[in-house]
Structure formats: structure tokens, C-alpha cells
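# Commentary on secondary and tertiary structure
This is what each chain is made of:
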Amino acid sequence: TEGYRKEEDILGGFIEEECILGDGVMVTKEAFRGALRMWLEAREYRPISDRALKPDMLRKGFTEHRDGTAGVWHWCGVKLRTRWDVVVDDAKVRR
């Protein structure tokens, strides 16, 4: 069922809790993997391999971008939430 699928979407849970989505935002793949790894460990989930992560991210509509020929790889359309983002969200709620 749809509810079960959503419940079992561990990557989706991470993205919902720890990320901001939008046009023009991106995160390095290294930073994304590191944050995901820590989030999984804190919840005692099994790690998601890089091999499994890429198709899941592409299926969710994110794209890849590389800076130059030997540059850093990014996920586009997603960024990690920062403390500043949380402060801004809290200020919006209080209005």
C-alpha cells in the first residue's frame, strides 16, 4: 500500500527531516552521503550503499552535476538543512 511504501522509504525520511528541496539548490554528493550515514546510524538503520543511493535519488527526481572534468559531483534540487534554515522556518511559524 502507499502508506507502507512511505513508511519504508528511509531515504525519503532523511530528505524530509534533513533537507530542503528546490530549483537552484545543490549539495555535494560527499556531504549528502556523510549526513545520510550519520542520520542512519543515529536511528540504527542499515547503511544505504552508493550503488543503491544513486538510482533512488534519480527516481526521486534529483539530478547530478559535476564541476568541470575533474570536479566535485553534486545532487541538484536538494540541499542539507542548516541551523539558519531552521531559524527561518521557526520565524515563519511564529508570524
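Note: the structure precedes this text.
Report follows, based on the coordinates. Nothing here was measured: the structure is a model prediction, and the numbers come from that model.

With that settled, the discussion passes to the packing of aromatic side chains. Aromatic ring pairs are reported here in terms of the distance separating the ring centres and the angle at which the planes meet. The final tally for this structure, using the stated rule, is three aromatic pairs. When the centroid spacing of 5.6 Å and the interplanar angle of 65° are considered together, the rings of Phe14 and Trp39 count as edge-to-face. A residue pair is termed long-range when its members are at least 10 positions apart, and Phe14 in helix H2 (residues 10-18) and Trp39 in helix H3 (residues 29-42) qualify at 25 residues. On the basis of relative accessibility, which here comes to 1%, the residue Phe14 falls in the buried class. Three or more aromatic residues link up through ring pairs in this structure, and these residues are Phe14, Phe32, Trp39 and Tyr45. The ring of Trp75 has Lys29 lying over it, and the distance from NZ or CZ to the ring centre is 4.4 Å.

Further remarks concern the nonpolar core. One finds Leu11, Phe14, Ile15, Phe32, Leu36, Met57 and Val78 to be the most contacted residues of the largest nonpolar core, which totals 15 residues. Of all the secondary structure elements, the ones that give two or more residues to this core are H2, strand S1 (19-28), H3, helix H4 (50-59) and strand S3 (73-80). If you tally residues by element for this core, the top one is H3, at five residues. Setting aside its immediate chain neighbours within four residues, Ile15 contacts Leu21, Phe32, Met57, Lys60 and Phe62.

With that settled, consider the sheet that holds strand S2 (residues 63-66). Read across the sheet, three strands follow the order S1-S3-S2 without closing on themselves; strand pairing throughout is antiparallel. Strands with a single pairing partner mark the edges of an open sheet, and in this sheet they are S1 and S2. The average angle at which neighbouring strand axes cross in this sheet is 50°, direction not considered. Examined bridge by bridge, S1 and S3 share six bridges and lie antiparallel to one another. Across the sheet, the residue bridging to Leu21 is Val78, located in S3. The sheet strands contacting H2 are S1 and S3, and the helix crosses S1 at an angle near 105°. Along the sheet face, H4 touches S2 and S3 and points at about 55° away from the line of S3.

Below, the discussion takes up H2. The complete set of buried residues in H2 reads Leu11, Gly12, Phe14 and Ile15. On an axial view of H2, the arc spanned by its buried residues comes to 160°, and they lie on one face. Residues of H2 that are buried in the fold lie against S1, H3, H4 and S3.

Calculation notes
- Numbering of residues begins from 1 in every chain and follows the order in which that chain's sequence is written.
- Reporting in this predicted model follows two pLDDT cut-offs: at least 70 for local features of residues, and 80 or more for side-chain atom pairs to be given and counted; totals over whole chains, interfaces and linings ignore these cut-offs and use all residues.
- Working from all heavy atoms in the structure, the side-chain values ignore hydrogens and water.
- Between the rings of Phe, Tyr and Trp (Trp by its six-membered ring), a pair exists once the centres lie within 6.5 Å; its type follows the angle of the planes, with under 30 degrees stacked, over 60 edge-to-face, and the other angles tilted.
- Where helices and strands are cited, they refer to DSSP runs of H or I of at least four residues and of E of at least two residues respectively, numbered from the N terminus.
- Note on exposure labels: buried denotes an accessible area under 20% of the residue type's maximum, exposed denotes more than 50%, and partly exposed covers the range between, all computed with a 1.4 Å probe on protein chains only.
- Here, a charge over a ring means that NZ of Lys or CZ of Arg falls within 6 Å of the ring centre while also lying within 35 degrees of the ring normal.
- Among the buried residues, those of types Ala, Val, Leu, Ile, Met, Phe, Trp, Tyr and Cys that are joined through side-chain atoms within 4.5 Å form a nonpolar core.
- Contacts are assigned to residue pairs that have any heavy atoms within 4.5 Å of one another.
- In this description, strands pair whenever DSSP reports at least two bridges between them.
- Axes here refer to lines fitted to C-alpha atoms; in helices the fit is confined to the stretch in contact. Angles between the N-to-C directions go from 0 to 180 degrees.
- The arc under discussion is defined with respect to the helix axis, by the directions toward the C-beta atoms.

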